[in-house]
Amino acid sequence: MLKGFFNVPVPQNEPVLNYGPRSLERAALKAALEQARAQQLDIPMYIGDKEVRTGNKLEIRPPHDHKHLLATFSEGDASHVTAAIDAALAAKANWENLPWEQRAAIFLKTADLLAGPYRAKVNAATMLGQSKNAYQAEIDSACELIDFLRFNVQYMTEIYQQQPPISGKGVWNRVEQRPLEGFIFALTPFNFTAIAGNLPTSAAMMGNVVVWKPAYTQIYAANVLMQVFKEAGVPDGVINLIYVDGPVAGEVIFNHPDFAGIHFTGSTKVFQNIWQTIGTNIHKYKTYPRIVGETGGKDFVLAHPSADADVVSTALVRGAFEYQGQKCSAASRAYIPASLWPAVKANMQRDITSFKIGPVENFENFINAVISEVSFDKLAKYIDAAKADDGVEIVAGGNYDKTKGWFIEPTVLKVNDPYYVTMCEELFGPVLTIYVYEDAQFDEVLNIVDKTSIYALTGSIISQDRYAIAEATYRLRNAAGNFYINDKPTGAVVGQQPFGGARGSGTNDKAGSMINLLRWVSPRTIKETFDPPKDYRYPFLTKES
Ligand SMILES: NC(=O)c1ccc[n+]([C@@H]2O[C@H](COP(=O)([O-])OP(=O)(O)OC[C@H]3O[C@@H](n4cnc5c(N)ncnc54)[C@H](O)[C@@H]3O)[C@@H](O)[C@H]2O)c1
Ligand SMILES: N[C@@H](CCC=O)C(=O)O
């Protein structure tokens, strides 16, 4: 065993490559896209040391080109969930006894593999499988995931270094950070490859073993991540990747006595069901499971009359429509003062009509497809209802077409009622709803912003008036876990803006921070006494002579 107190390399944010014409990264990415499209993968589950294939093959098709078959994957059943739990538990003792610096090395290597030889491959997989353009894939599956890995390694060491400040005379107090007793279930969403990678690795980094179930619509890139984990040296059984219907997986996982925690990102409804099931089954577990979940949002932009109209419209078009509004942080409701509205509206219409919409393989397209037909149909329904409503004006977009892919035009609705359904509910697509208020109503609008939705994930105030900024920052203190001043509400960077929301948006355990990693350990306090007493009697019991 190595002996020493080790420092890890100081983490830096991974630079975002720009993929400009004739750049090396663009050529590599184009080649990776072509290669991926040319082959039809048969993607297995990864359980212990086995690649598991079943007779139940489901198809993966690019959302922007649903006639093209990209790959198939093997869907598993309850027996595969049990096998994954068994494999995880079998790997547990060796993994948790491995010195922490060896675990750190594996995940630092994972980051370097993603930054180098796997960068084009994982970005291409995210572009094709999830319909993200090159830039959105780069900031997600490359940079954010690399940052999660490198910064988490740093936070892990800081957690281990935290020790009780005082040891009394003749005593040494110390705290050990044990992995949780049992296995962790990582349940990941479709929209970010970085999140799919972070949820299993952050728990594994702290010495835990994991059963990982991604959204079916993210499996294409999840498969690349698993290859990287293996090449980086994550031992068999430490992270087991299964493709099983959510409720089927839940039935096995949440009834298992060794279930020790869930690391979830996804919708609020699913998380609340899971929490309820865990509560019902609480007597079945050996330990109280950790429940960590980052969920939905109804993220706002509030413009003050002092705001610059160009800043407002740019924050809105980027914040609402990048990745087709399918970021939990996407601006989906905005409050604009009447005096600014004509300029903001004109700017937005100019920008939105200039957007190019189409497949990710064409790098000129700013907007690509939404993730699935289910999502397409749901969004189309909200848009149709808005068109039929006298209280709603279609300011931009409003069209959709599923002939080649699940394409929805970026759509801006202006509503008379600040509590109109699309101001309150998470649609998770390129639909932004705007309420225009009288300039004098700013104070009242602060209350409306605060109480309109059940969520509290992200939000922005845009203003050049410092008193208004101070007032909004205070009054909206519980309305967003990530609050922005003069910026769009998306694009949090690991190591800079720890991410997560409260209220209906989750447990706010801040992905990419020490706060999150602390949920995956159970501290043990150790007190060692060097010269223990050998007589029970206190000195004061001694008889005076
Ligand atoms: N707050 C955040 O950090 C954050 C980040 C990304 C996405 N999100 C949220 O995620 C949602 C979009 O992702 P999604 O559509 O993949 O979410 P989802 O809730 O549909 O799915 C998330 C995961 O849960 C699984 N699942 C679904 N139903 C299940 C059930 N009944 N039992 C067990 N597992 C089940 C899915 O298969 C998937 O793996 C949005 O609501 C978005 O706001 C939040
Ligand atoms: N962390 C990302 C959002 C992740 C959710 O989808 C952002 O800040 O935009």
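Computed from a predicted model, the values in this text were never measured in an experiment.

## Overview of the site of ligand 2
Turning to step 1, where the next piece is worked out: As a matter of local geometry, ligand 2 sits amid Asn 191, Phe 192, Lys 327, Cys 328, Ser 329, Thr 490, Gly 491, Ala 492 and Phe 499.
Turning to step 2, where the next piece is worked out: Between ligand 2 and Asn 191, the relevant distance is 2.8 Å, taken from an oxygen atom to a side-chain nitrogen or oxygen of the residue.
Turning to step 3, where the next piece is worked out: Protein chains bury 96% of the 290 Å² of accessible surface belonging to ligand 2 in isolation.

## As for the UniProt feature "domain: Aldehyde dehydrogenase" (unreviewed entry) in the chain
Turning to step 1, where the next piece is worked out: Following the UniProt record, the feature "domain: Aldehyde dehydrogenase" (unreviewed entry) maps to residues 56-513 here.
Turning to step 2, where the next piece is worked out: Counted over residues 56-513, helix gives 41% and strand 20%. Its end C-alpha atoms are 39 Å apart.

## Side note on the site of ligand 1
Turning to step 1, where the next piece is worked out: The local shell around ligand 1 holds 25 residues, among which Thr 188, Lys 213, Ser 267, Thr 295 and Glu 426 are the closest.
Turning to step 2, where the next piece is worked out: The side chain of Lys 213 places a nitrogen or oxygen atom 2.9 Å from an oxygen atom of ligand 1.
Turning to step 3, where the next piece is worked out: Within the contact set of ligand 1, an oxygen atom lies 2.6 Å away from a side-chain nitrogen or oxygen of Glu 426.
Turning to step 4, where the next piece is worked out: Protein coverage of the free-state accessible area of ligand 1, which is 850 Å², stands at 83%.
Turning to step 5, where the next piece is worked out: Listed by contribution, the elements that provide at least two residues to the shell around ligand 1 are β7 (183-188), β8 (209-214), α8 (246-253) and β10 (259-265).
Turning to step 6, where the next piece is worked out: Looking at the shell around ligand 1 residue by residue, the class counts come to 13 nonpolar, 9 polar and 3 charged.

## Observations regarding the packing of helix α3 (residues 100-115) against helix α5 (residues 134-161)
Turning to step 1, where the next piece is worked out: In the contact formed by α3 and α5, the axes pass within 8 Å of each other and the chain directions differ by 165°. Regarding the angle of α3 to α5, the classification is roughly antiparallel. For the pair α3 and α5, the sense of crossing is left-handed. Taken together, the residues of α5 that come into contact with α3 (itself represented by Trp 100, Arg 103, Ala 104, Phe 107, Leu 108, Thr 110, Ala 111, Asp 112, Leu 114 and Ala 115) are Leu 145, Ile 146, Leu 149, Arg 150, Val 153, Met 156, Thr 157 and Tyr 160.
Turning to step 2, where the next piece is worked out: Taken together, the residues of the contact of α3 with α5 break down into 13 nonpolar, 2 polar and 3 charged.

The rules behind each value
- Residues numbered from 1 in each chain as written.
- Chains lettered and ligands numbered in written order.
- Predicted model: local features only at pLDDT ≥ 70, side-chain atom pairs only at ≥ 80, totals over all residues.
- Heavy atoms only, no water.
- Near = heavy atom within 4 Å.
- Polar contact = N/O pair within 3.5 Å; in protein donor to acceptor, adjacent residues only side chain to side chain.
- Areas by Shrake-Rupley, 256 points an atom, 1.4 Å probe, with all protein chains shown as cover.
- UniProt positions renumbered as here; feature names shortened; annotations may be inferred.
- Helix = DSSP H or I, 4+ residues; strand = E, 2+ residues; numbered from the N terminus.
- Nonpolar A, V, L, I, M, F, W, Y, C, P; charged D, E, K, R; others polar.
- Axes fitted to C-alpha atoms, helices over the stretch in contact; angles between N-to-C directions.
- Parallel < 35°, antiparallel > 145°, perpendicular 65-115°, else oblique.
- Left-handed = near helix turned anticlockwise from the far one by under 90°.
- Contact = heavy atoms within 4.5 Å.

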